[in-house]
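Topology and contacts: notes
The residues making up each chain are set out below.
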Amino acid sequence: LTDSLKFVGTDVLPDSFFGQKVAGARFTDFMHQADSNRFRDLILRMSRDGLSLQSIPLTLNLPSGLIEVSLYITMIADATESSDAKYLVSLKNTSDALTGIMPRCNTEG
């Protein structure tokens, strides 16, 4: 995500998960208002206090419905002018909704 919390550097997997092309879209637009405010507050605390890794549970509002996730945010320490990315975001689906959309890795042999 950029400083303005927009997606950057996405590929087909995030587009598939969010149900639309997300490059340039604001990540907080996919959240309920209360979760959006909590997320913004966390980002502000991370920047202010120099916290490099934080997590937060929240609900995403996707075209296919609501989904509960645990969100993990990493502040990119070496953000350069050549890249707009400032935050790396990963998420874990904690609800039964949309199970099966994210591909699973084969860990056998």
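Coordinates for the structure precede this section.
Cut-offs and rules
Residues numbered from 1 in each chain as written. Predicted model: local features only at pLDDT ≥ 70, side-chain atom pairs only at ≥ 80, totals over all residues. Heavy atoms only, no water. Pairing = 2+ DSSP bridges. Helix = DSSP H or I, 4+ residues; strand = E, 2+ residues; numbered from the N terminus. Axes fitted to C-alpha atoms, helices over the stretch in contact; angles between N-to-C directions. Expected span 1.5 Å × (residues − 1). Contact = heavy atoms within 4.5 Å.

Moving on, we come to the sheet that holds strand β2 (residues 65-75). Read across the sheet, three strands follow the order β1-β2-β3 without closing on themselves; strand pairing throughout is antiparallel. Pairing within the sheet leaves two strands with one partner each, and these edge strands are β1 (53-62) and β3 (87-93). Direction aside, the axes of adjacent strands within the sheet are offset by 30° on average. Both β1 and β2 contribute to a ladder of 10 bridges, which runs antiparallel. In the strand pairing of β2, glutamine 54 is matched with isoleucine 73.

Regular strands place side chains that alternate from one sheet face to the opposite one. The turn linking β1 back onto β2 is made up of two residues. Pairing geometry for β2 and β3, over seven bridges, is antiparallel. Bridge assignment links isoleucine 73 to a residue of β3, and that residue is valine 89.

As a further point, take helix α2 (residues 33-49). In a regular helix each residue adds 1.5 Å, so 17 residues correspond to 24 Å; α2 covers 24 Å between its end C-alpha atoms and thus fits that length. Contact partners of the buried residues in α2: β1, β2 and β3. Two residues or fewer after α2 comes glycine 50, characterised by a positive phi angle close to 70°.

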